[in-house]
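Coordinates in review
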Amino acid sequence: MDEVVVEKVLRAIEEVPPGRVVSYGDLGALVGINPRHLGLVLRHWGDNVTWWRVTNRDGELPPELLARARPRWQQEGIPEKPDGRGCRIDTHRVDLELLRRAYSRATDDLDDAAG
């Protein structure tokens, strides 16, 4: 796995503010990778970032992650969907333009190093 890509993914996730969520697809488009690739990065290197702020496009997570995410969503004021299968991404999606700008600043040094 490309270390620069991993670092870009992790930095992008850290730019999602508390109380907001983003989809794998939106974050993958920002970083320039496939959403499934992004999921692999999270699975292997995401324990030390705010992984619970990244969901599928419907605000859902796999059952094994959902149980761990719920208390964090509650702490950040992100409500669950009525069916309990995820969070209300429709009302708590991050502003993608603000995220793009923050991500650009957060990865400036990586872009410079890559040439």
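For the structure, see preceding data.
Fair warning: this is a prediction, and the values are worked out from it, not measured in the lab. (Residues numbered from 1 in each chain as written. Predicted model: local features only at pLDDT ≥ 70, side-chain atom pairs only at ≥ 80, totals over all residues. Heavy atoms only, no water.)

Focus: the packing of aromatic side chains
- The tally for this structure, following the rule as stated, stands at one aromatic pair.
- Consider the rings of Trp 51 and Trp 52, whose centres lie 5.7 Å apart with planes at 85°: the pair is edge-to-face. The burial state of Trp 51 is the same as that of Trp 52; both residues are buried. (Phe/Tyr/Trp six-rings, centres within 6.5 Å; stacked < 30°, edge-to-face > 60°. Buried < 20%, exposed > 50% of the residue type's maximum accessible area, 1.4 Å probe, protein only.)

Some points on the pattern of salt bridges
- Going through the model one piece at a time under the given rule, you end up with ten salt bridges.
- Note that Arg 93 and Asp 26 form a salt bridge whose closest N and O atoms lie 2.6 Å from each other. Within this pair, whereas Arg 93 is found in the loop between α5 (89–92) and α6 (96–106), its partner Asp 26 is found in helix α2 (residues 24–31), the two being separated by 67 residues in sequence.
- Because the salt bridges share partners, they merge into one network encompassing Glu 7, Arg 11 and Asp 109. (Salt bridge = Lys/Arg side-chain N within 4 Å of Asp/Glu carboxyl O. Helix = DSSP H or I, 4+ residues; strand = E, 2+ residues; numbered from the N terminus.)

Quick look at the nonpolar core
- Counting 30 residues, the largest nonpolar core has Val 9, Leu 27, Leu 38, Leu 42, Val 54 and Trp 73 as its most contacted members.
- Contributions of two or more residues to this core are made by α1 (3–14), α2, α3 (35–45), α4 (63–76) and α6.
- A total of six residues in this core trace back to one element, the largest contributor, which is α1.
- Discounting residues that sit within four places of it in the chain, Leu 42 has contacts with Ile 13, Tyr 24, Asp 47, Val 49, Trp 51 and Val 54. (Core = buried A, V, L, I, M, F, W, Y, C linked by side-chain atoms within 4.5 Å. Contact = heavy atoms within 4.5 Å.)

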